Structure formats: structure tokens, C-alpha cells
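Chain residues, written in single-letter form:
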Amino acid sequence: MRVTVIGSGYVGTTLAACLADVGHDVTAVDIDSDVVAALNEGRAAIHEPGLDDLLAEHAGNRLRATTEYDSVPDADVTFLAIGTPSRGDGSIDLGPLTAAAEMTGEALAEENDSSPADTGDRHLVVVKSTITPPGVAEVRDALLTGAGGAAVRVELATNPEFLREGSAVHDFQHPDKLVFGTESEWATGRLEALYEPLLSAIGGDVPVVRTDPETAMMIKYANNAALASKISLANDLGNICKQFGIDAYEVMDAVGLDDRIGAKFLRSGVGYGGSCFPKDVDAIRAAAREAGYEPALLDATVAVNDGQPERMLGLLDDHADVAGKRVAVLGLAFKPGTDDIRNSRATPVIEGLQARGAEVVGYDPVATANMRERFPDVEYAESAPAALDGASAALVVTDWDEFAALDDDFDAMADPVVIDGRRIIERREGLVYEGLTW
Ligand code: NAD
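Computed from a predicted structure; not experimentally measured.

As a further point, take the sheet that holds strand β12 (residues 393-396). Strand order in the open sheet made by the six strands is β11-β10-β9-β12-β13-β14, with parallel pairing throughout. Pairing within the sheet leaves two strands with one partner each, and these edge strands are β11 (379-380) and β14 (432-435). Examined bridge by bridge, strand β13 (residues 417-420) and β14 share four bridges and lie parallel to one another. Note that in β14 the partner of Val 417 across the bridge is Val 432. Along the sheet, helix α11 (residues 296-319) contacts β12, β13 and β14; its crossing angle with β13, the most-contacted strand, is approximately 160 degrees.

Given a rise of 1.5 Å per residue, 31 residues ought to cover 45 Å, and the 45 Å separating the end C-alpha atoms of helix α8 (residues 213-243) matches this to within 8%. Where α8 starts, the residue carrying a side-chain oxygen 3.2 Å from the main-chain nitrogen of Glu 214 turns out to be Asp 212. Looking one or two residues beyond α8, the residue adopting positive phi is Gly 245, at roughly 70 degrees.

Along the chain, the position of Arg 422 falls in the loop between β13 and β14. Comment: no salt bridge for buried Arg 422; closest opposite-charge side chain is Asp 399, at 4.6 Å. In this structure the side chain of Arg 422 is engaged in a polar contact, spanning 2.7 Å, whose partner is the backbone oxygen of Val 397. Once you skip the residues sitting within four places of it in the chain, Arg 422 turns out to touch Tyr 249, Arg 267, Val 270, Gly 271, Phe 334, Arg 345, Val 396, Val 397, Thr 398, Asp 399 and Trp 438.

The next point concerns the site of the ligand. Residues in close proximity to the ligand total 22 residues, the closest being Val 11, Asp 30, Tyr 69, Thr 84 and Lys 279. One of the backbone nitrogen or oxygen atoms of Val 11 is found 2.8 Å away from an oxygen atom of the ligand. Here an oxygen atom of the ligand sits 2.7 Å away from a polar atom, N or O, in the side chain of Lys 279. Burial of the ligand by the protein amounts to 85% of the accessible area it has alone, namely 840 Å². Looking at side-chain class alone, the shell around the ligand contains ten nonpolar, seven polar and five charged residues.

Axis separation between α8 and helix α9 (residues 248-255) bottoms out at 9 Å; the angle between their running directions is 135 degrees. Relative to α9, the element α8 is oriented oblique. Both α8 and α9 take part in a crossing whose hand is right-handed. Across the interface between the two elements, Ala 234, Leu 237, Gly 238 and Cys 241 from α8 touch Ala 248, Val 251 and Met 252 from α9. Residue composition of the contact of α8 with α9, grouped by class: six nonpolar, one polar and no charged.

All right, on to the packing of aromatic side chains then. Ring pairs (aromatic) are described by centroid distance and by the angle formed between their planes. Counted under the stated rule, the structure contains six aromatic pairs. Ring centres 5.4 Å apart and planes at 80 degrees place the aromatic pair Tyr 249 and Trp 438 in the edge-to-face group. Here Tyr 249, found in helix α9, pairs with Trp 438, found in the segment after β14; they are 189 residues apart in sequence, far enough to count as distant. Residue classification places Tyr 249 among the buried positions, given a relative accessible area of 7%. Note on Tyr 272 and Phe 277: the rings are 5.9 Å apart at their centroids and 80 degrees apart in plane angle, and the pair reads as edge-to-face. The pair formed by Tyr 272 and Phe 277 is uniform in burial state, with each residue classed as buried. Through a chain of ring-to-ring contacts, three or more aromatic side chains come together here, namely Phe 172, Phe 180 and Tyr 195. One cation-aromatic arrangement involves Lys 177 over Phe 162; the distance from NZ or CZ to the ring centre is 4.6 Å. Taking the ring centre of Phe 375 as reference, the NZ or CZ of Arg 374 above it sits at 4.3 Å.

Next up on the list: the domain arrangement of the protein chain. Split by domain assignment, the protein chain resolves into domain 1 (2-211) and domain 2 (228-438). Measuring from the centre of the C-alpha atoms in domain 1 to the corresponding centre in domain 2 gives 36 Å. Counting residues at the interface gives twelve residues for domain 1, matched by eleven residues for domain 2. Of the roughly 880 Å² buried between domain 1 and domain 2, counting both surfaces, carbon and sulfur atoms make up 52%. For the domain 1 face of the interface with domain 2, the top three residues by lost area are Gly 90, Thr 132 and Glu 165, together amounting to 43%. The partner of Glu 165 in a salt bridge is Arg 342, with the nearest N and O atoms 3.3 Å apart. For the pair domain 1 and domain 2, the number of links is five residue pairs in polar contact (both at pLDDT 80 or more). Classifying every residue of the side of domain 1 that touches domain 2 gives four nonpolar, six polar and two charged.

Okay, the environment of Leu 227 next. Positionally, Leu 227 belongs in helix α8. Using a relative accessible area of 26% as the deciding quantity, one classes Leu 227 as partly exposed. For the pair Leu 227 and Arg 2, spaced 225 residues apart in sequence, the C-alpha to C-alpha distance is 35 Å. Beyond its immediate sequence surroundings of up to four residues, Leu 227 is in contact with Phe 265 and Phe 277.

This brings us to the environment of Asp 247. Summarising the element assignment, Asp 247 is placed in the loop between α8 and α9. Along the backbone, Asp 247 and Trp 438 are 191 residues apart, and their C-alpha atoms lie at a distance of 4.1 Å. When neighbours within four sequence positions are excluded, Asp 247 is seen to be in contact with Arg 423, Thr 437 and Trp 438. Side chain to side chain, Asp 247 and Arg 423 meet in a polar contact 2.9 Å long.

The rules we used
- Residues numbered from 1 in each chain as written.
- Predicted model: local features only at pLDDT ≥ 70, side-chain atom pairs only at ≥ 80, totals over all residues.
- Heavy atoms only, no water.
- Pairing = 2+ DSSP bridges.
- Helix = DSSP H or I, 4+ residues; strand = E, 2+ residues; numbered from the N terminus.
- Contact = heavy atoms within 4.5 Å.
- Axes fitted to C-alpha atoms, helices over the stretch in contact; angles between N-to-C directions.
- Expected span 1.5 Å × (residues − 1).
- Polar contact = N/O pair within 3.5 Å; in protein donor to acceptor, adjacent residues only side chain to side chain.
- Buried < 20%, exposed > 50% of the residue type's maximum accessible area, 1.4 Å probe, protein only.
- Lys, Arg positive; Asp, Glu negative; His and termini not counted.
- Salt bridge = Lys/Arg side-chain N within 4 Å of Asp/Glu carboxyl O.
- Near = heavy atom within 4 Å.
- Areas by Shrake-Rupley, 256 points an atom, 1.4 Å probe, with all protein chains shown as cover.
- Nonpolar A, V, L, I, M, F, W, Y, C, P; charged D, E, K, R; others polar.
- Parallel < 35°, antiparallel > 145°, perpendicular 65-115°, else oblique.
- Left-handed = near helix turned anticlockwise from the far one by under 90°.
- Phe/Tyr/Trp six-rings, centres within 6.5 Å; stacked < 30°, edge-to-face > 60°.
- Lys NZ or Arg CZ within 6 Å of the ring centre and 35° of its normal.
- Domains from an automatic or database assignment.
- Buried area = accessible area lost by both parts, 1.4 Å probe.

This is how it looks when you write it as C-alpha cells:
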């Protein structure tokens, strides 16, 4: 099939590369000419394991990139994979996506004008971006406004994406489920045909949920809200355990044996971050309020998450006054395996330390450059041992494997106070060690 993917970020590039890999003829579109140039050279502008290999193999034959929308009229399917950031109040900013939808409509209208004998084929435009259910109508309106009443038959569908940054290619190629939000059998059939080679390649039985466009997007939000809330529930229970002097991991390991609950996402600690959970939970809370419902449980999910860095700093206060002292922050990325610092728990931890007058020294194996832009005044060490050297305290924010191997390195600290937010430090003897929930 001929596919156009508009927006070539984490989701769009992964989608374009994986669809080309299963045999489709793909045009990737982006307004950023550097992104387009990189794709045409067979490499991604973002870091995702396996993505460059796919691009190197398919760029120039089954995959090409452009800043123009002129492949849209001939495409069997056009995807919109544009960012949907938060506004200041947490609500979703549909501006970039509706702009792209309008340009897609204009491209269809132009084609229609230039070929009056057009047979009136239907066009399918599929929203891959995460948008709230009320946002679906806004994107559809923008698409139709772009088409400007031209005799273009265009249908909007949604197909939310569940991949995780850091394993985007693997997740796209091995989905737990596919969700098709369509308004006609024709659109559902076209999405089935599009995904058929991918499903054949993995040979597994992937559940396909067929529903309407708004419900499909609600499934995406409910999915992320459930995961974020599971983490906050583990943290809330973990904080209670800590008050009682009980190890939350011993408790939750046992709780996870109940197959109605499951063992995943029960590791308590300093909380979730990144570009999806915080943004998506905020967006659905704001949309719920707008519709007249107060989402009490999701408000609590966010409140518990926001409180974890402060609890970590409180444990530090119990053991040390860090004013004028060197304090190491180990881990700056929002999770291991990525250089992404968006909504990283390291940010409120560093801010809290600075408010206490500490001299912060940060270390991360890959995210230092990004954090330096956010906190240029912080010192950054080349290694975890270098960050610990002479420090009066260390706060562990990201569970990079290498932190588990730290041992004698703690002996170089001025005072061996270690507050662990991820239960990654193995050495305990000779340290004033506090686990956040254990
Ligand atoms: P991103 O910011 O990485 O990429 C968006 C791209 O769109 C950018 O390259 C930008 O230059 C381009 N763009 C903006 N306006 C454009 C226009 N008018 N025409 C063409 N290109 C344009 O975003 P992302 O992380 O890929 O996320 C895209 C959507 O997918 C969001 O709604 C997000 O919530 C959702 N999502 C993201 C993930 C993830 O892990 N990143 C996972 C699932 C769903």
C-alpha cells in the first residue's frame, strides 16, 4: 500500500520505518528539513534502538522523506503523527495537529482541483497522535476546512499508539493489541490490510479492537491512566510501609502474585516521568473537568507522584543539613535507557537541593547534555564515583544498572548518607542508607 506519515518524531519515524519494512511504499513528511534530510540519508534524528538499521535498509527505495504534502492524494492511508503537548493548565494543545490536518485537507483539495475527472475515491486520514475524545471532532473539522468544501471524499479514523520510547521499534513490531477507531467498514478494512503483513510476520495472535474514533482514543488514555495510577498506588502503599518500618518490596512482591493484580508496575520509588504519563494523565483530567466531571482518583495519582521527590528530600533532611555541602544526584534521565529528561524526577530533586543551599553535582551516563541545558549552574561529573567523591550525601533518582555496582566508591564520600529512590544500591554496610519506601 502507499502510505504517507505526517510528522517524523518518535512515533512517526518508527511507524514509517516499520511499515516500509513489511513492504509498504512509505513517504515520511516533516516540516523540519533537518529531520527530512537525515531520513533520506537513512538515519533517524532521534535515538531508538534498531531504527537506524531499518532506515538504512529502506531509505531511497520503499521509504522517502519530504517537507511537502504532495504524496497525500495518492496515498491509500495518510497518518498524522504530530506532537500533542500540554498547555500550561494541563489541557491538550491541538494546534500543531490541527495545522497538519488542515494542510492534509488542502493537499487533497488541490489534487481534486487539478483533476476534474477525479473518480471520487475516498481518502483515509488516520490520527496516530494521542488526542482526547472531544479533540477528534476538532481534527476532523480542520481536515474538512483544509479541503474547503472541494468534492473530496475524506474519512477520519484513529489508531492510537502504545509503543514506549527506548524500545519503540520492538514495541511497534510486537504489539499487545491494535486499536482501530473508524466510522465505516471500509476504513476498518483498509487498516486491516495495512497491518496484515506485520501480523503475518510475527505470526502471533494479536487482539484487534474495532471501535469508533473517540472510543479508540479513550482506550489510549485509560491505558496510560491505569499504568500511572498503578505506580502511584504502589508509591502510596510504599509510603505507608515506610511509616511502619516495613519493606514495601517484600509486600508488593507478594501482592503481585495475585494474578488479578499482576507483578508489573509495583516497584515503588520516586515516581513516574517522561513525555507520556504526565502529559496524558493531565490531558484527560482537564478534558474530564471541561466536560463537568471531577476525576478524583486521577488527581490523587498526580498528587502522589508529585509528592515523591519531596519525600526523598525529607528523608535527606532527617540525616543531614546540606547547606553549603556537595550533594551527588545519581541519574538524571526519567528512566534508564534514554537521554530523555522530560518530567524527570531529577528536576524537582535538584530544585529542592538548591533551595536547601546544596552544591549539586549530577551524573548520568547519557542525559547530562540535556540536563545541562535545564540546569547550567549545576556541576556534572564524568562518572558516578567522581560525583560521590567528597559528597556529603547522594540521592539516587534513576535505576541505571551501573549504580548497583557502586561499592568502595561510597568510601570517598565526606559523609556516607545515601537516599535511594529506586532500590538500586546494593551496598548498605557503613552507609547511612535510606530507601524511599523500604
Ligand atoms: P515528536 O515531537 O517526537 O514528533 C512530532 C514531529 O512532527 C516533529 O518532528 C515535528 O517537526 C513534526 N511536525 C510538527 N508539525 C508538523 C506539520 N504541520 N507537518 C509535518 N510535520 C510536523 O512527537 P512524538 O513523540 O512522535 O509523539 C507524536 C504523538 O504520538 C503525540 O500525540 C504523542 O502523545 C503520541 N505518542 C507518543 C509516544 C512516545 O513514546 N513518544 C508513544 C505513544 C503515543
